[in-house]
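Here is how the chains run, residue by residue.
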Amino acid sequence: MSSPPPAIFDRAARRLRRDRAAPGYAEHDFLRAAMLDGIVDRLALVTRSFGDVLDLGCFDGGFAPPPGARIARCDAGFGFARAAGGVQADEDRLPFADASFDLVVSAGVLDQVDDLPGALALIRRVLRPDGLFLGAFVGAGSLPQLRAAFRAAEADRPAARLHPAVDVRAAGDLLMRAGFALPVADVETLDVGYAGLGRLVEDLRGMAAGNLLIGRRALSRAALTAAAEAFGNAATNGRTRERFDIVFLTGWAPDPSQLKPARRGSATASLAASLKR
């Protein structure tokens, strides 16, 4: 029996941050809105219907299920779960029975999970045969200006300020390891202009995306000032362009009716082909 992965994120702090973000979340929801737009676009390519849907990491319940579908919502934060009429649970500790859903959607949370392979395996387990998983999260390559500003501000004593991130290739491998059929991982980039570091930090806090690492330490006033200066120095026409790389995941719970994948390395499955079922 394999041992659990080492803890990276502070689960208690994550719940608290989500509860703090819940009341004003609508003012900072642009990133998840972009993820949901991408998920809805992918869902529109699917020809089959869905009866039972899970919104995993539901935030304010902004995802609208397909017409006629029943939806269950789940969030790690009590405030979000209560407001959306859902249940509170971590993504790698799901309380749902196997084969409960035809569709699982998850936007904006899987980058904050200690056991991402385990979470993906649980998602596959709660899907019925031929059920669909559509996910999105912030991936590697995101927030380069913020990372550079922190490096410049703490050159002598660097500290972990931003979460480790999964790139699109690793994300695809994780889908395969979790047992999904027809797995596809792709990435889209969102650029946002900021007048200063403070506004970016407000957005990150407002979307419950601040530092949740175990062993994190506060940024000194001097380092914060230096980081703000470095961030501002990257501005063009008064704004610093920051990048969010959104990794999208698509996978099906295995079913005998599905097309068999080509031999590994012989072809690359397209998103449209994987969704036209």
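First, a word on scope: everything that follows refers to the structure included in this document. Source: prediction; values computed, not measured. By convention here, each chain's residues receive numbers from 1 onward along its written sequence. Side-chain atom pairs in this predicted model are given and counted only at pLDDT of 80 or more, local residue features only at pLDDT of at least 70, and totals for whole chains, interfaces and linings cover all residues. Excluding hydrogens and water, the side-chain values take into account all heavy atoms of the structure.

Moving on to the overall build of the protein. The secondary structure listing takes helices from DSSP runs of H or I that are at least 4 residues long and strands from runs of E that are at least 2 residues long, numbered from the N terminus. Scanning the protein from N- to C-terminus turns up 9 helices and 7 strands. Since a compact globule built from 277 residues should have a radius of gyration of about 19 Å, the 19 Å found for the protein is in line with a globular shape. The principal-axis extent of the C-alpha atoms belonging to the protein is close to 60 × 45 × 45 Å. For the exposure calls, accessible area comes from a 1.4 Å probe over protein chains only, and a residue counts as buried if that area is under 20% of its type's maximum, exposed if over 50%, partly exposed in between. Looking at the protein as a whole, 45% of its 277 residues are labelled buried. Considering only contacts within the protein whose residues lie at least 6 apart along the sequence, 79% involve residues at least 24 apart. Here Asp and Glu are counted as negative and Lys and Arg as positive; His is not counted, and neither are the chain ends. Positions of charges follow a simple convention, taking NZ of Lys, CZ of Arg, CG of Asp or CD of Glu. Of the side-chain charges in the protein, 35 are positive and 32 negative, and the distance between the mean point of each set is 3 Å. The globule rule is 2.2 Å times the number of residues to the power 0.38, and the radius of gyration it is compared with is taken over C-alpha atoms. Contacts are assigned to residue pairs with any non-hydrogen atoms lying within 4.5 Å of each other.

So, on to the nonpolar core. The set of buried Ala, Val, Leu, Ile, Met, Phe, Trp, Tyr and Cys residues whose side-chain atoms join them within 4.5 Å is what this entry labels a nonpolar core. Counting 69 residues, the largest nonpolar core has V104, L120, I123, L132 and F133 as the members making the most contacts within it. At 7 residues, strand β5 (residues 127-138) tops the list of elements feeding residues into this core. Excluding residues within four positions of it along the chain, F133 makes contact with V104, S106, L110, L120, I123, L127, L175, F180, L249, T250 and G251.

A few words on the pattern of salt bridges. Salt bridge, as used here, is a side-chain nitrogen of Lys or Arg placed within 4 Å of a carboxyl oxygen of Asp or Glu. Tallied over the full model, the rule gives 20 salt bridges. We note a salt bridge from R161 to E154, for which the minimum N-O separation is 2.7 Å. Overall, the relative accessible area of 8% leaves E154 in the buried class. Here the salt bridges do not stand alone but share partners, grouping R48, D52, R70, D102, R128 and D130 into one network.

Working note: α-helix, 3.6 residues per turn, so residues spaced by three or four point in the same direction. Every buried residue belonging to helix α4 (residues 116-126) is among L116, G118, A119, L120, L122, I123 and V126, and all of these are buried. Looking at the buried side of α4, the elements it contacts are β1 (52-56), β4 (101-107), β5, α6 (168-177) and β7 (240-252). Here a polar contact is taken to be a pair of N or O atoms separated by no more than 3.5 Å, where protein atoms must pair a possible hydrogen donor with a possible acceptor and residues adjacent in sequence count only if both atoms sit in side chains. Between the side-chain oxygen at the start of α4 and the backbone nitrogen of G118 there is a gap of 2.9 Å, and the oxygen is on D115.

Angle between the axes and distance between the axes are the two parameters that describe a pair of packed helices. Here an angle of 0 to 180 degrees is reported between the N-to-C directions of two axes, which are lines fitted to C-alpha atoms, with helices fitted over the stretch in contact. Axis separation between helix α5 (residues 144-153) and helix α8 (residues 221-233) bottoms out at 8 Å; the angle between their running directions is 135°. The orientation of α5 with respect to α8, classified from their angle, is oblique. Classified by chirality, the crossing of α8 by α5 is right-handed. Counted together, Q145, L146, A149, F150, A152 and A153 of α5 and A223, A226, A227, A230 and F231 of α8 form the full contact between these two elements. The cut-offs work like this: below 35 degrees is roughly parallel, past 145 is roughly antiparallel, 65 to 115 is roughly perpendicular, and the gaps in between are oblique. Should the near helix be turned anticlockwise from the far one by less than a right angle, the crossing is termed left-handed; should it be turned clockwise, right-handed.

This brings us to unusual backbone geometry. Across residues other than glycine, the phi torsion is negative in most instances, and most of the peptide bonds are trans. Not every positive phi belongs to a glycine, and F59 is a case in point at roughly 50°. Mapping F59 onto the fold places it in the loop between β1 and β2 (70-75). In this model, A99 sits at a positive phi of 55°, which is unusual for a non-glycine residue. Positionally, A99 belongs in the loop between β3 (87-88) and β4. The exposure class assigned to A99 is partly exposed, which follows from its relative accessible area of 37%.

Below, the discussion takes up the pairing of β5. Summarising burial for β5: 10 of the 12 residues are buried, a large majority. Criterion used throughout: strands pair if DSSP finds at least two bridges between them. In the sheet, β4 pairs with β5 via 6 bridges, with the strands oriented parallel. From the neighbouring strand, S106 faces β5, where its bridge partner is G135. Direction of pairing for β5 relative to β7: antiparallel, over a ladder of 7 bridges.

A rise of 1.5 Å per residue sets the reference length of α8, with its 13 residues, at 18 Å; its end C-alpha atoms lie 18 Å apart and thus fit the reference within 8%. Where α8 is concerned, the buried positions are A223, A227 and F231. Seen along its axis, α8 keeps its buried residues to an arc of 70°; they face one direction. Exposed residues lying more than 90 degrees from the buried face of α8 are R221, A222, T225, E229 and N233. Expected helix span is given by 1.5 Å per residue-to-residue step, counting one fewer step than there are residues. Read the arc as the range of directions from the helix axis to the C-beta atoms.

What follows is about the sheet that holds β5. With respect to topology, 7 strands assemble into an open sheet ordered β3-β2-β1-β4-β5-β7-β6, the strand pairing being mixed. In this open sheet, the two strands that pair with only one neighbour each are β3 and β6 (181-194). Two elements, β1 and β2, share 5 bridges in a ladder whose sense is parallel. Bridge pairing in β2 places L54 opposite A72. Sitting on the sheet, helix α2 (residues 30-43) touches β1, β4, β5, β6 and β7, and the angle it makes with β7 is about 35°.

Our next topic: the environment of T236. When you line up the elements, T236 lands in the loop between α8 and β7. Taking relative accessible area as the criterion, T236 reaches 54% and is therefore assigned exposed. Sequence-wise, T236 and P129 are 107 residues apart; in three dimensions their C-alpha atoms are separated by 51 Å.

Purely spatial values, then, with no claim about function.
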